[in-house]
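# Structure assessment
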Amino acid sequence: MAIILSGKEGKIAERVIIVGNLGRMKTITSMLNELETVNEFAGYYTYTGKYNGKRITVNFHGIGNSSLALITTT
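Note that the coordinates shown come from a computational prediction; the quantities given were computed from them, not determined experimentally.

Following the sequence through the fold, Val58 ends up in strand 4 (residues 54-60). Between the alpha carbons of Val58 and Leu32 there is a distance of 9.8 Å; along the sequence they are 26 residues apart. Here Val58 is in contact with Ile17, Met25, Ile28, Thr29, Leu32, Tyr45, Thr46 and Tyr47, once residues within four sequence places are set aside.

This paragraph deals with the sheet that holds strand 4. Adjacent strands of a sheet form backbone hydrogen bonds with each other and so pair up, either parallel or antiparallel. Read from one edge to the other, the open sheet built from four strands follows the order 1-4-3-2, with strand pairing classed as mixed. At either margin of the open sheet sits one strand with a lone partner, and together these are strand 1 (15-19) and strand 2 (33-41). Neighbour-to-neighbour, the strand axes of this sheet turn through a mean angle of 20°, independent of strand direction. Strand direction decides the pairing type here: strand 2 and strand 3 (residues 44-51), joined by six bridges, are antiparallel. If you follow Phe41 over to strand 3, its bridge partner there is Tyr44. The strands touched by helix 1 (residues 22-30) are strand 1, strand 2, strand 3 and strand 4; relative to strand 4, the strand with the most contacts, the crossing angle is about 165°.

This paragraph deals with the side chain of Thr48. Along the polypeptide, Thr48 turns up in strand 3. Classification of Thr48 as buried rests on a relative accessible area of 2%. Those residues within four positions of Thr48 in sequence are excluded, and the remaining contacts are Lys11, Ile12, Ala13, Glu34, Leu35, Glu36, Val38, Arg55, Ile56 and Thr57.

Val19, Met25, Ile28, Leu32, Tyr47, Ile56, Val58 and Phe60 together form the largest nonpolar core, which totals eight residues. Top contributing element to this core by residue count: strand 4, with three residues.

Turn by turn, an α-helix covers 3.6 residues, leaving residues three or four places apart pointing in a common direction. Taken together, the buried positions of helix 1 are Met25, Ile28 and Thr29. Viewed end-on, helix 1 has its buried residues packed into an arc of 95°, placing them on one side of the element. Exposed residues pointing more than 90 degrees away from the buried face of helix 1 are listed as Lys26 and Ser30. In this structure, the buried side of helix 1 is in contact with strand 1, strand 2, strand 3 and strand 4.

Conventions used here
Residues numbered from 1 in each chain as written. Predicted model: local features only at pLDDT ≥ 70, side-chain atom pairs only at ≥ 80, totals over all residues. Heavy atoms only, no water. Helix = DSSP H or I, 4+ residues; strand = E, 2+ residues; numbered from the N terminus. Contact = heavy atoms within 4.5 Å. Pairing = 2+ DSSP bridges. Axes fitted to C-alpha atoms, helices over the stretch in contact; angles between N-to-C directions. Buried < 20%, exposed > 50% of the residue type's maximum accessible area, 1.4 Å probe, protein only. Core = buried A, V, L, I, M, F, W, Y, C linked by side-chain atoms within 4.5 Å. Arc of directions from axis to C-beta.

Purely geometric stuff here, so don't read any function into it on its own.
This is how it looks when you write it as C-alpha cells:
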C-alpha cells in the first residue's frame, strides 16, 4: 500500500472513493457517520466513515495523474 494511503490495518474500507478536489471531499465526508481520520500526509487526506451502515474510505489525491498514481500504486 502506498505510504499516502497507509493506515493501521482495518482502517481502510473495502469501498474507497478517490477525489481530486478538496471541496468534493468535504461534501462526501459530511455525509458520513462515525468519521475517523486514517491518515494526513503531505496534504493527502484519508478518512473512513459509514454511509447507510456501510464503511467507506474517502481519499484526496490532489490534481493530476501523477498524484493519483501516488495513492493507487501498491
